[in-house]
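# Coordinates in review
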Amino acid sequence: MTHQFPPLSEAQKRELHETALRIVSPGKGILAADESVGSMAKRLAQVGVENTEENRRQYRQILFSADDRINGCIGGVIFFHETLYQHSDKGVPFVKMIRERGILIGVKVDKGVVPLAGTSGETTTQGLDGLSERCAQYKKDGAVFAKWRCVLKISDSNPSKLAIAENANVLARYSSICQQHGIVPIIEPEVLPDGDHDLKRCQYVTEKVLAAVYKAMSDHHVYLEGSLLKPNMVTPGHSCSTKYSPEEVAMATVTAIRRTVPPAVPGIAFLSGGQSEEEASVHLNAINNCPLPKPWVLTFSFGRALQASALRAWRGHKENEKTATEQFIKRAEVNSLACQGKYAGGENHGEAAQRVYGSCHAY
Amino acid sequence: MTHQYPALTAEQKKELQDIAQRIVAPGKGILAADESTGSMAKRLNPIGVENTEENRRRYRQLLFTADQRIDSCIGGVIFFHETLYQKTDDGTPFAKLIKDRGIVVGIKVDKGVVPLAGTNGETTTQGLDGLSERCAQYKKDGADFAKWRCVLKISETTPSSLAIMENANVLARYASICQQNGIVPIVEPEILPDGDHDLKRCQYVTEKVLAAVYKALSDHHVYLEGTLLKPNMVTPGHSCPTKFSSEEIAMATVTALRRTVPPAVTGVTFLSGGQSEEEASMNLNSINTCPLLKPWALTFSYGRALQASALNAWRGELNNEKAATEEFIKRAQANGQAALGKFESSGTCGAAGKSLYVANHAY
């Protein structure tokens, strides 16, 4: 560990860094539209739409044909492989539609979770085989960033040391390969919200997971300035009986990332997990207003939290398309405000009065 | 790695963070006056002073009796064990003298380096035995922070994986024990400047060492907000033929820290290593004016770079004491300014001129 064999030239580093900065420009975040075919089945079933390639194409078209109002809110869109090669009704490639408005193209490159034998239901993520060649091709086809999702669960016995180490390692391998091809890796070590654990427990686990992730990044010589992090916010488990305010969620989240994420990482784009659209926006806003110093951009990389209303408005009907697009634009604009700490709150929000963040020593 | 057994209460955390913040309050740094008896021999011999307990007492006295001008630039003083129990000529304990002027008292607690068998001259640091009891006693005797120095060397074969890992681990054990006793640990993983390696090499090694240190601190459940880091600046080796500007040193140093030191760490107090007094001030100043975002206090913890002129002026003579104290006050003020990025170099270093910072992606 004494001599450096630089993996990237100065020009390569500059390209990666500038791409990362553009994705998380002030007021912008990421539309995660990379649901796999299997995930799309779940989304479409909920609105009574058949999971065909054509329906998936029509659905993504609703999002991608949003007007210029999203240009100041969306810095990047994550595509699923299939979608990267689809076109609009008029035959315009989706990639072209998105790129022309100055929005950057990303692609999900992992191949899903697989079990870790000998653990209590834990997983790692596959997709490294031929990843280098795939990245080179995606770069030619217009992608400048990628996403890879790892999953960890909280339970009495989880996450185990192995799960933490293995997922951190595979995220670092993926990152290293991406950067060799001028692709900015978004690193996603999602700690699931399933369970009845409280906020403190989630914070503790998130800190351990992120510490392992950044050690692995160092070991694998990943250029942090040319990467982004996509973590969970720190929240209580879904079945936790205690309720927490957005400020508590924000304080726990910001404390966890302050303890683990080096300032060289340009941006942190939170996943929404199981949160509702409004919850996710309110939390993101509280995070941005948290009084602790936060030396990275803190923004969104939302899937459901940007699309739920649009999906529901659409329900597969052509005549609903414009309304559905409007729903998406609305959420994009709200989250653009939230990632600047300027979202005054929606339906359920009381007075915009003094937010109580409390003492950081309780975290 | 799933359940937390909190190491500290909220009150303990608050106390530790408050102490850390006081030490590195804006414009303040640390006087490292903790030279062991052996090290003092090396300081006193060149000026022809015998290394007796009385001479060591007289020497530290001329530092500690500096007037109120140092109160705004010295946040903490690190003592050697012997000195903690010495008194002024009129019987005032040094610890009380320092503490009463609002300067935090610190204590060196390590017991020196020992060889790591099977390595190429590498070391770890001992001193963990009974450390808990010693910390409890030091706290009663007025100390609120401690220092522990580990040493790594750059050569063809070093630092080895083992040296990095072992030193990171022992630093984390020390830090954990200190915090249990209300003592803020200063974590010092010094990479020596000996050798002919260039700036890049030092930066690379520093990044690897610091990544390992922070992973170990996470593994050992150390409360980062209640710690300080005392690293080397990133500099070329002493025998490196290439000269680097102060801005280049600053950029390499800040880049290395940005890639490895979580924002939760309250402050970074650089060691001066082999630098001259003027060099150490200039470099600290450049670090503070470096245009990259720096979410921690960046200040000094200097030994030789605060004392060299004072020692030379003293030469053991009673009638030189005032002059010697003045030399110390001068350096303390200079470094206080440097910690704010307001240092104006006097001597050989040329015009203030415009910034010579190279774009950050060259690092």
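Above this text is the structure in question.
Summary of the structure given here. Note that this is a predicted model, so its numbers are computed, not measured. (Residues numbered from 1 in each chain as written. Chains lettered and ligands numbered in written order. Predicted model: local features only at pLDDT ≥ 70, side-chain atom pairs only at ≥ 80, totals over all residues. Heavy atoms only, no water.)

### Things to note about the overall build of chain B
Per the secondary structure count, chain B includes twelve helices and ten strands. Over its C-alpha trace chain B gives a radius of gyration of 20 Å, about what one expects of a compact globule, namely 21 Å for 363 residues. Classification of the 363 residues of chain B by burial places 60% in the buried group. If you take every contact in chain B between residues at least 6 apart in sequence, the share linking residues at least 24 apart comes to 81%. The distance from the centre of the 40 positive side-chain charges to the centre of the 40 negative ones in chain B is 2 Å. (Helix = DSSP H or I, 4+ residues; strand = E, 2+ residues; numbered from the N terminus. Rg over C-alpha atoms; globule rule 2.2 N^0.38 Å. Buried < 20%, exposed > 50% of the residue type's maximum accessible area, 1.4 Å probe, protein only. Contact = heavy atoms within 4.5 Å. Lys, Arg positive; Asp, Glu negative; His and termini not counted. Charge placed at Lys NZ, Arg CZ, Asp CG, Glu CD.)

### So, the environment of Lys230 of chain A
All names here are of chain A. Positionally, Lys230 belongs in the loop between strand E8 (228-229) and helix H9 (246-258). Classification of Lys230 by relative accessible area gives buried; the value is 4%. The sequence separation of Lys230 and Asp156 amounts to 74 residues, and the corresponding C-alpha distance is 25 Å. For Lys230, the contacting residues outside a window of four places in its chain are Ala32, Ile78, Lys147, Ile186, Ile187, Glu188, Pro189, Ala269, Leu271 and Ser301.

### Structural notes on helix H9 (residues 246-258) of chain B
Residues and elements named next belong to chain B. Between its first and last C-alpha, H9 extends 18 Å over 13 residues, near the 18 Å set by a 1.5 Å rise per residue. The element H9 is extensively covered by neighbouring structure, given that twelve of its 13 residues are classed as buried. Along H9, the positions that sit buried rather than exposed are Ser246, Glu247, Ile249, Ala250, Met251, Ala252, Thr253, Val254, Thr255, Ala256, Leu257 and Arg258. Tucked into the core, H9 has its buried residues touching helix H8 (199-219), strand E8 (228-229), strand E9 (267-270), helix H10 (277-289) and strand E10 (297-302). (Expected span 1.5 Å × (residues − 1).)

### Let's talk about the interface of chain B and chain A
Taken together, the contact pairs 45 residues of chain B with 43 residues of chain A. Of the roughly 3,800 Å² buried where chain B meets chain A, counting both sides, 55% is carbon and sulfur surface. Between the two partners, chain B and chain A, sit two salt bridges. For the salt bridge of Arg259 of chain A with Glu225 of chain B, the shortest nitrogen-to-oxygen distance reads 2.9 Å. The tally of links from chain B across to chain A stands at 20 residue pairs in polar contact (both at pLDDT 80 or more). Every element with two or more residues in the side of chain B that touches chain A is listed here: helix H1 (10-23), helix H7 (161-180), H8 and H9 of chain B. When residues of the side of chain B that touches chain A are assigned to their parent elements, the largest contribution, eleven residues, is made by H8 of chain B. Of the residues in the side of chain B that touches chain A, the class split is 19 nonpolar, 14 polar and twelve charged. (Buried area = accessible area lost by both parts, 1.4 Å probe. Salt bridge = Lys/Arg side-chain N within 4 Å of Asp/Glu carboxyl O. Polar contact = N/O pair within 3.5 Å; in protein donor to acceptor, adjacent residues only side chain to side chain. Nonpolar A, V, L, I, M, F, W, Y, C, P; charged D, E, K, R; others polar.)

### A word on the packing of H10 of chain B against helix H12 (residues 321-338) of chain B
All names here are of chain B. Contact geometry of H10 with H12 gives a least axis separation of 8 Å together with a crossing angle of 20°. As far as their axial angle goes, H12 and H10 are roughly parallel. When you trace H10 past H12, the crossing you get is right-handed. Where H10 approaches H12, its residues Glu277, Glu278, Ala280, Ser281, Leu284, Asn285 and Asn288 are matched on the opposing element by Arg331, Ala334, Asn335, Gln337 and Ala338. Taken together, the residues of the contact of H10 with H12 break down into four nonpolar, five polar and three charged. (Axes fitted to C-alpha atoms, helices over the stretch in contact; angles between N-to-C directions. Parallel < 35°, antiparallel > 145°, perpendicular 65-115°, else oblique. Left-handed = near helix turned anticlockwise from the far one by under 90°.)

### Concerning the packing of aromatic side chains
Per the stated rule, a full pass over the model turns up ten aromatic pairs over all chains. Ring geometry for Phe300 of chain B against Tyr302 of chain B: centres 5.6 Å apart, planes inclined by 45°, an arrangement best described as tilted. A relative accessible area of 0% means that Tyr302 of chain B is categorised as buried. One aromatic cluster in this structure is built from Phe64, Phe79 and Phe94 of chain A. Between the NZ or CZ atom of Lys200 of chain A and the centre of the ring of Tyr363 of chain A, over which it lies, the distance is 6.0 Å. (Phe/Tyr/Trp six-rings, centres within 6.5 Å; stacked < 30°, edge-to-face > 60°. Lys NZ or Arg CZ within 6 Å of the ring centre and 35° of its normal.)

### Considerations on the side chain of Glu225 of chain B
Inspection of the secondary structure assignment puts Glu225 of chain B in the loop between H8 and E8. When its relative accessible area of 6% is taken as the criterion, Glu225 of chain B is described as buried. If sequence neighbours within four positions are ignored, Glu225 of chain B has contacts with Thr255 and Arg259 of chain A together with Gln17, Ala20, Ala264 and Thr266 of chain B.

### Some details on the state of the cysteines
On inspection of all chains with the given rule, the structure shows zero disulfides over all chains. Distance from the sulfur of Cys73 of chain A, which forms no disulfide, to the nearest cysteine sulfur (Cys339 of chain A) is 8.4 Å. A relative accessible area of 6% places Cys73 of chain A in the buried class. Cysteine Cys150 of chain B is unpaired, with the sulfur of Cys178 of chain B as its nearest cysteine sulfur at 12 Å. Among the residues examined, Cys150 of chain B registers a relative accessible area of 0% and is labelled buried. (Disulfide = S-S within 2.5 Å.)

### A look at the sheet that holds strand E1 (residues 29-33) of chain B
Residues and elements named next belong to chain B. Spatial ordering of the closed barrel is given by E1-E2-E3-E6-E7-E8-E9-E10, a layout of eight strands whose pairing is parallel. Across two bridges, E1 lies against E10 in parallel orientation. Residue Ile30 lies in a different strand from E10, and its bridge partner there is Ser301. Contacting E9 and E10, H10 runs over the sheet at an angle of about 170° to E10. (Pairing = 2+ DSSP bridges.)

### Notes on the pattern of salt bridges
Summed over all chains, the structure comprises 42 salt bridges over all chains. Here Glu190 of chain A makes a salt bridge to Arg149 of chain A, at a shortest N to O gap of 2.8 Å. With Glu190 of chain A in strand E7 (residues 184-191) and Arg149 of chain A in strand E6 (residues 145-152), the pair connects residues that are 41 residues apart, well separated along the chain. Classification of Arg149 of chain A as partly exposed rests on a relative accessible area of 29%. In this structure, the salt-bridge partner of Glu207 of chain B is Arg259 of chain B, at a minimum N-O distance of 3.0 Å. Residue Glu207 of chain B is found in helix H8, and its partner Arg259 of chain B is found in the loop between H9 and E9; the two are separated by 52 residues along the sequence. Just as Glu207 of chain B is buried, Arg259 of chain B falls in that class too.

### Quick word on the sheet that holds strand E3 (residues 104-108) of chain A
Strand pairing in a sheet relies on backbone hydrogen bonds, with the paired strands running either antiparallel or parallel. Residue and element names in this part refer to chain A. One closed barrel holds the eight strands; their spatial order is E1-E2-E3-E6-E7-E8-E9-E10, and the pairing between them is parallel. Where strand E1 (residues 29-33) lies against strand E10 (residues 297-302), two bridges are found, and the strand directions are parallel. Bridging from a neighbouring strand, Ile30 pairs with Ser301 of E10. Packed onto the sheet, helix H11 (residues 304-314) meets E1 and E10 and runs at close to 55° relative to E1.

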